[in-house]
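# Overview (structure and organization)
So the chains spell out like this:
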Amino acid sequence: MNVATVNAFCYHDRRSLELRIRRLLLILAALAILLLPSFAADGVWWDGMVMTDFTYKGLQNVPERTVNSLLRPYMGKEFSDSVFAEMNAVLYAQPWLSYVSAEALQDESGALYIQFDITENPMISSVSASGNRRVKQRTILNHQDISSGDFFTPGILSVSENSIKDYYLQRGYRDIQISSTTSLDEAANTMSIVFNVSEGKQYKIRSILFEGLSGLTARDIERVLTQKEKSFFNSGNFVQSNVDTDRNAIIALYGTEGYPDARIDSVEVVPTGEEDEDTIFVNVIYTITEGDRWTIGDITFHGNSVFSDEDISSLITLSPGD
């Protein structure tokens, strides 16, 4: 091989190597472009940088100063996953927050700031009642917890419906039905709420009757009842939840009167037939099995040596026959 051939071979080999290197560099550059968003998403560049500011997108009914007051303690802290998790926890604890996302950005000086994209829960613009006839709207709304200016979350409706229902039940409206209707103004992100009320009739007690009595009298038992017959001094509203309270009170009374086996077999609520547009009168009938009355026989002591029977007896309030 002559010198010209060798030179030509070397040039061709060097040219091939340069092409391979250039091709490799192009591949590496392409990979870098593809991987850059992934590295950025992992937060590599902002980890450990000091957060100098917070900005917000999506705020409608929540003032920016409200969010700033929550995040102010984190201003000037170094960014880390744990710090960011704390900030998220603070925001999600707020009743107005539905969803939040965040982006790490740099200002012109290269300093780190966090931009939050916030989705608010709707703000409640009005609360009203419909269908109520005997109970005023103001009274109904005072017995639930939603107010204008609050932020709407789905759970608050059922809680307030139950509160209104309980108010009616405690006043004898056994057939009360409560539902709610919401209307969303998407542009303003506000919600109006209407509680739909179907009151039904009010149940009042005409008489409280007892069957099976022999040891105690009706007057004895009536003294311990929370429910009373309608009279000039008492509304007589029938409250279903008071039935269990009164059952327990009756059994406790029998216990103090020496009837440990007493039981209530049934409690019936029977319409009397007296009824008008607003009211149904009922009788409440307790069927009772009293059992035997127990009394104390002799009281004796065993095993006492330091104190006499008389000493101990003087400390005991029970006597034979009690």
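The notes below deal with the structure included here. (Residues numbered from 1 in each chain as written. Predicted model: local features only at pLDDT ≥ 70, side-chain atom pairs only at ≥ 80, totals over all residues. Heavy atoms only, no water.)

### Quick notes on the sheet that holds strand β5 (residues 177-185)
Cut-off, in case you're wondering: Two strands qualify as a pair provided that DSSP identifies no fewer than 2 bridges between them. What counts as a helix is a DSSP run of H or I of at least four residues, what counts as a strand is a run of E of at least two, and both are numbered from the N terminus. To get an axis, a line is fitted to the C-alpha atoms, and for a helix only the part in contact is used. The angle between two axes follows their N-to-C directions and goes from 0 to 180 degrees. When checking whether two residues touch, look at their non-hydrogen atoms; a contact exists if any pair is within 4.5 Å.
As summarised here, the arrangement of the 3 strands in space is β4-β6-β5, forming an open sheet in which the pairing is mixed. Edge strands, defined here as strands with exactly one partner in the open sheet, are β4 (123-130) and β5. Recorded for the sheet is a direction-independent mean angle of 20 degrees between the axes of neighbouring strands. In the sheet, β5 pairs with strand β6 (residues 190-198) via 9 bridges, with the strands oriented antiparallel. Looking across to β6, one finds that D185 is bridged to T190. Running over the sheet, helix α5 (residues 155-169) touches β4, β5 and β6 and is turned about 145 degrees from β5.

### Structural notes on the packing of aromatic side chains
Just so we agree on the cut-off: Centres within 6.5 Å are what make two rings of Phe, Tyr or Trp a pair, Trp counting through its six-membered ring; a difference in plane orientation under 30 degrees is then read as stacked, over 60 as edge-to-face, and the rest as tilted. Exposure categories follow from relative accessible area, calculated using a 1.4 Å probe and restricted to protein chains: below 20% of the type maximum is buried, above 50% is exposed, and the middle band is partly exposed. Think of it as a cone above the ring: NZ of Lys or CZ of Arg counts as a charge over the ring if it is within 6 Å of the ring centre and within 35 degrees of the ring normal.
Within this structure, the stated rule accounts for 10 aromatic pairs. Measuring from ring centre to ring centre gives 6.1 Å for Y56 and F116, while their planes differ by 25 degrees; the resulting arrangement is stacked. Taken together, the residues Y56 in strand β1 (residues 51-57) and F116 in strand β3 (residues 112-120) connect sequence positions 60 residues apart. The exposure class of Y56 is buried, given its relative accessible area of 13%. Using a relative accessible area of 0% as the deciding quantity, one classes F116 as buried. Feature note: the residues W45, W46, F79 and F84 constitute an aromatic cluster, connected by ring pairs. Here the basic side chain of R206 rests over the ring of F281, its NZ or CZ set 4.0 Å away from the ring centre.

### Some thoughts on the pattern of salt bridges
Keep this limit in mind: Salt-bridge detection follows one rule: a side-chain nitrogen of Lys or Arg within 4 Å of a carboxyl oxygen of Asp or Glu.
Evaluated as defined, the whole model comprises 7 salt bridges. E274 is paired through a salt bridge with R206; the nearest N and O atoms lie 2.8 Å apart. Linking E274 in strand β8 (residues 263-275) with R206 in strand β7 (residues 202-211), this pair joins segments that are 68 residues apart in sequence. On the basis of relative accessibility, which here comes to 35%, the residue E274 falls in the partly exposed class.

### Structural notes on α5
Spelled out, the test is: Helices are assigned an expected span. That span is 1.5 Å times one less than the residue count. The arc in question is the one spanned by the directions pointing from the helix axis to the C-beta atoms.
Between its first and last C-alpha, α5 extends 22 Å over 15 residues, near the 21 Å set by a 1.5 Å rise per residue. Turning to α5, its buried residues are L157, S160, E161, I164, Y167 and Y168. Across the axial projection of α5, the buried residues extend over an arc of 120 degrees, all falling on one side. Elements in contact with the buried residues of α5: α4 (137-142), β5 and β6.

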